[in-house]
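# Breakdown of the fold
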Amino acid sequence: VQFVESGGGLVQPGGSLRLSCASSRSISSRYAVGWYRQDIGKELNLEHEVVAVMTRDGTADYSDSVKGRFTIFRDNAKNTVDLQMNSLKFNDTAVYYCNLDIGRVRDSWIPFGDWGQGTRVIVSS
């Protein structure tokens, strides 16, 4: 795996976290990059939820559950993909995974890239 995810942690409801995905390879040619999440304790599988995706031209797409609260940043010069998460809710608790090679198939964002270890986010009071 040629990238590292970081930034997860324990946060109270309403709090903020910023996740970062740093790649040792260039991401500038990738059509889309983004973040997925999976319930803690579940192995990464097809039930993961796409959270935020950004295309090469800077267009962002968000799941309805995070729209207005999360913001994705893509820096092709630094080869990083960050996810700013604000107004966190209990149900944002998950392991968040970065994917650096995402394609659009029909109306779905399909992750084709490698998966890392993820970074755990726990929202708890």
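Here's what I pulled together on the structure shown here. Here the structure is a predicted model, which is why all the values come from computation and not from measurement.

### Describing the sheet that holds strand S7 (residues 70-75)
One open sheet accounts for 4 strands, arranged S1-S3-S8-S7; its pairing is antiparallel. Only two strands of the sheet have a single neighbouring strand rather than two, namely strand S1 (3-6) and S7. The sheet shows a mean angle of 10 degrees between the axes of neighbouring strands, direction not considered. Pairing of S1 with strand S3 (residues 17-23) involves 4 bridges; the strand directions are antiparallel. Opposite Ser6, over in S3, you have Ser20 as the bridge partner.

### What about the packing of aromatic side chains?
Under the counting rule described, the total for this entry stands at 3 aromatic pairs. With centroids separated by 5.9 Å and ring planes inclined at 80 degrees, the aromatic side chains of Tyr97 and Trp115 adopt a geometry described as edge-to-face. Taken together, the residues Tyr97 in strand S9 (residues 94-105) and Trp115 in the loop between strand S10 (108-111) and strand S11 (119-123) connect sequence positions 18 residues apart. For Tyr97, a relative accessible area of 9% corresponds to the buried category. On the basis of relative accessibility, which here comes to 25%, the residue Trp115 falls in the partly exposed class.

### Section: the pattern of salt bridges
Counting across every chain of the model gives 5 salt bridges. A salt bridge links Asp92 to Arg69; the shortest N-O distance between them is 2.7 Å. One end of the pair, Asp92, is in the loop between strand S8 (80-85) and S9; the other, Arg69, is in the loop between strand S6 (60-62) and S7, and 23 residues separate them in sequence. The buried category is assigned to Arg69, whose relative accessible area is 10%. When salt bridges with common partners are traced through the structure, they connect Arg37, Glu49, Arg69 and Asp92 into a single cluster.

What counts and what doesn't
- Residues numbered from 1 in each chain as written.
- Predicted model: local features only at pLDDT ≥ 70, side-chain atom pairs only at ≥ 80, totals over all residues.
- Heavy atoms only, no water.
- Pairing = 2+ DSSP bridges.
- Helix = DSSP H or I, 4+ residues; strand = E, 2+ residues; numbered from the N terminus.
- Axes fitted to C-alpha atoms, helices over the stretch in contact; angles between N-to-C directions.
- Phe/Tyr/Trp six-rings, centres within 6.5 Å; stacked < 30°, edge-to-face > 60°.
- Buried < 20%, exposed > 50% of the residue type's maximum accessible area, 1.4 Å probe, protein only.
- Salt bridge = Lys/Arg side-chain N within 4 Å of Asp/Glu carboxyl O.

Read these as spatial facts, not as claims about activity.
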